[in-house]
Amino acid sequence: LMSVLVDFPTMSGGPALSSCRPLIALLDENDHALKQFALEKLDSIVDFHWAEVADHIEDIEQLYEDEKFSSRALAALVASKVHYHLEQYSESLTYALGAGTLFTNQIHSGKASQYIFTILSKVVDKYIQERNELEVNPDAAQIDSRLESIVESMFDRCFQEGNIKQAIGIALEARRLDKLKESVSASQ
């Protein structure tokens with residue numbers, strides 16, 4: 001079965017097959033390698049088959065929650081993309097953060113997509129919300145370190161690319177005086 005699916009046909013404009021059911025069926029297999037293979041292929045076609053994959057989102061989410069499954073991050077990335085297409089941005093953000101470096105590598109890949117732009121926007125919004133809550137209530141939960149890491153890398157990128165206005169905007173909303181000072185210094 002694996003040898004038949006290895007060359008699952010895709011074209012640059014989208015998938016050649018009209019259904020991703022064979023890949024979805026692999027998610028029910030006991031072999032973790034088959035599940036990983038299916039997730040890798042689903043990740044590459046989810047933008048075209050998200051509605052069909054959405055019918056099986058619970059299976060993908062269960063793979064993410066299974067601590068014995070070695071490709072949990074990949075399951076989280078696929079789940080995030082499906083939730084994005086369903087316009088469930090909060091869930092998409094949660095799974096994107098669960099995808100860890102698979103998500104952040106897509107940010108830094110230079111292949112920006114609407115998915116990346118949207119989820120980055122949600123990252124910034126959530127970071128600002130958590131930061132402002134912490135300032136008002138010092139007993140509030142600490143800021144998610146994954147959010148903080150992504151926002152810090154966004155500041156670094158803004159400074160490298162000269163997007164000082166964007167850095168100032170985020171710094172003001174997040175009440176980051178240190179980044180505001182750094183933005184002003186970088187603009188001079």
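Computed from a predicted structure; not experimentally measured.

## Considerations on the overall build of the protein chain
(1) Moving on: Looking only at helices and strands, one finds 11 helices and 2 strands in the protein chain.
(2) Moving on: Order of helices (α) and strands (β) in the protein chain, N terminus to C terminus: α-β-β-α-α-α-α-α-α-α-α-α-α.
(3) Moving on: Once local pairs closer than 6 in sequence are excluded, the contacts in the protein chain between residues at least 24 apart make up 55%.
(4) Moving on: As displayed, the protein chain offers around 10,500 Å² of accessible surface, 48% of which is attributable to carbon and sulfur atoms.
(5) Moving on: The averaged location of the 30 negative side-chain charges in the protein chain is 6 Å from the averaged location of its 17 positive side-chain charges.

## A closer look at the environment of H49
(1) Moving on: With respect to the element layout, H49 can be found in helix α3 (residues 32–54).
(2) Moving on: Spatially, the C-alpha atom of H49 lies 7.4 Å from that of S19, the residues being 30 residues apart in sequence.

## Notes on the side chain of E52
(1) Moving on: Looking at where E52 falls in the secondary structure, it is placed in helix α3.
(2) Moving on: Here the side chain of E52 touches C20 through a polar contact of 3.2 Å, landing on its backbone nitrogen.
(3) Moving on: Discounting chain neighbours no more than four positions away, the residues touching E52 are S18, S19, C20, R21 and I24.

## Concerning the pattern of salt bridges
(1) Moving on: In this structure the tally under the stated criterion is 10 salt bridges.
(2) Moving on: A salt bridge links D144 to R146; the shortest N-O distance between them is 2.8 Å.
(3) Moving on: Across the pair K179 and E152 runs a salt bridge whose closest N-O atoms are separated by 3.2 Å. One end of the pair, K179, is in helix α11 (residues 177–187); the other, E152, is in helix α9 (residues 145–161), and 27 residues separate them in sequence.
(4) Moving on: You can call K179 buried: its relative accessible area is 7%.
(5) Moving on: It is possible to trace a salt-bridge network through shared partners that takes in E152, R176, D178, K179 and E182.

## Remarks on the environment of P22
(1) Moving on: Tracing the backbone through its elements, the reader meets P22 in helix α2 (residues 21–26).
(2) Moving on: Residue P22 is classed as partly exposed on the basis of its relative accessible area, which comes to 38%.
(3) Moving on: A sequence separation of 16 residues divides P22 from A38, and the C-alpha atoms of the two residues are 8.6 Å apart.

## A short note on the confidence of the model for the protein chain
(1) Moving on: Overall, the prediction assigns the protein chain a mean pLDDT of 89, with 91% of residues at 70 or greater.
(2) Moving on: In this model, residues 1–13 is a region of pLDDT below 50 whose contacts with residues beyond four sequence positions or in other chains number 21 contacts.

## Points about the packing of helix α5 (residues 72–85) against helix α8 (residues 114–136)
(1) Moving on: For the pair α5 and α8, the least separation of the axes is 11 Å and the interaxial angle reads 90°. Between α5 and α8, the interaxial angle falls into the category roughly perpendicular. The segment α5 lies against α8, with L77, S80, K81 and Y84 engaging Q114, Y115 and T118.

## Examining the nonpolar core
(1) Moving on: Ranked by size, the top nonpolar core spans 55 residues in total, and within it L39, L42, I60, F103, Y115 and I150 carry the most contacts.
(2) Moving on: With 9 residues, the single largest contributor to this core is α3.
(3) Moving on: Ignoring any residue separated from it by four or fewer positions in sequence, one finds I150 in contact with L97, F103, T104, I107, L120 and V123.

## Some remarks on helix α4 (residues 57–65)
(1) Moving on: For α4, the complete set of buried residues consists of I57, I60, E61, L63 and Y64. Angularly, the buried residues of α4 cover 155° about the axis, an arc narrow enough to put them on a single face. Among the exposed residues of α4, those oriented more than 90 degrees off its buried face are Q62 and E65.
(2) Moving on: Looking at the buried positions of α4, the neighbouring elements they touch are α3, α5 and α6 (89–98).

What counts and what doesn't
- Along each chain, residue indices are assigned from 1 in the same order as the chain's sequence is written.
- The predicted origin of the model limits local features to residues at a pLDDT of at least 70 and limits the giving and counting of side-chain atom pairs to 80 or more, whereas totals for whole chains, interfaces and linings rest on all residues.
- With hydrogens and water excluded, all non-hydrogen atoms of the structure serve as input to the side-chain values.
- The secondary structure listing takes helices from DSSP runs of H or I that are at least 4 residues long and strands from runs of E that are at least 2 residues long, numbered from the N terminus.
- Throughout, a contact is declared for two residues whenever any of their heavy atoms are within 4.5 Å.
- Accessibility throughout is a Shrake-Rupley quantity obtained with a 1.4 Å probe, and a residue counts as covered only by protein chains that appear here.
- In this tally, Lys and Arg are treated as positive and Asp and Glu as negative; His is ignored, and so are the chain termini.
- By convention, the charge on Lys lies at NZ, on Arg at CZ, on Asp at CG and on Glu at CD.
- Nitrogen and oxygen atoms within 3.5 Å of one another constitute a polar contact, given that in protein one can donate a hydrogen and the other can accept it, and given that sequence-neighbouring residues count only through two side-chain atoms.
- Salt bridges are counted wherever a side-chain nitrogen of Lys or Arg sits within 4 Å of a carboxyl oxygen of Asp or Glu.
- Only protein chains enter the area calculation, which uses a 1.4 Å probe; residues under 20% of their type maximum are buried, those over 50% are exposed, and those in between are partly exposed.
- On a scale of 0 to 100, pLDDT captures the predictor's confidence in every residue.
- Angular values range over 0 to 180 degrees, each being the angle between N-to-C directions of two axes fitted as lines to C-alpha atoms, with helices fitted over their stretch in contact.
- Here roughly perpendicular refers to angles of 65 to 115 degrees, roughly parallel to angles under 35, roughly antiparallel to angles over 145, and oblique to all remaining angles.
- For the purposes of this section, nonpolar cores are sets of buried Ala, Val, Leu, Ile, Met, Phe, Trp, Tyr and Cys residues that join through side-chain atoms within 4.5 Å.
- The directions considered for the arc are those from the helix axis to the C-beta atoms.

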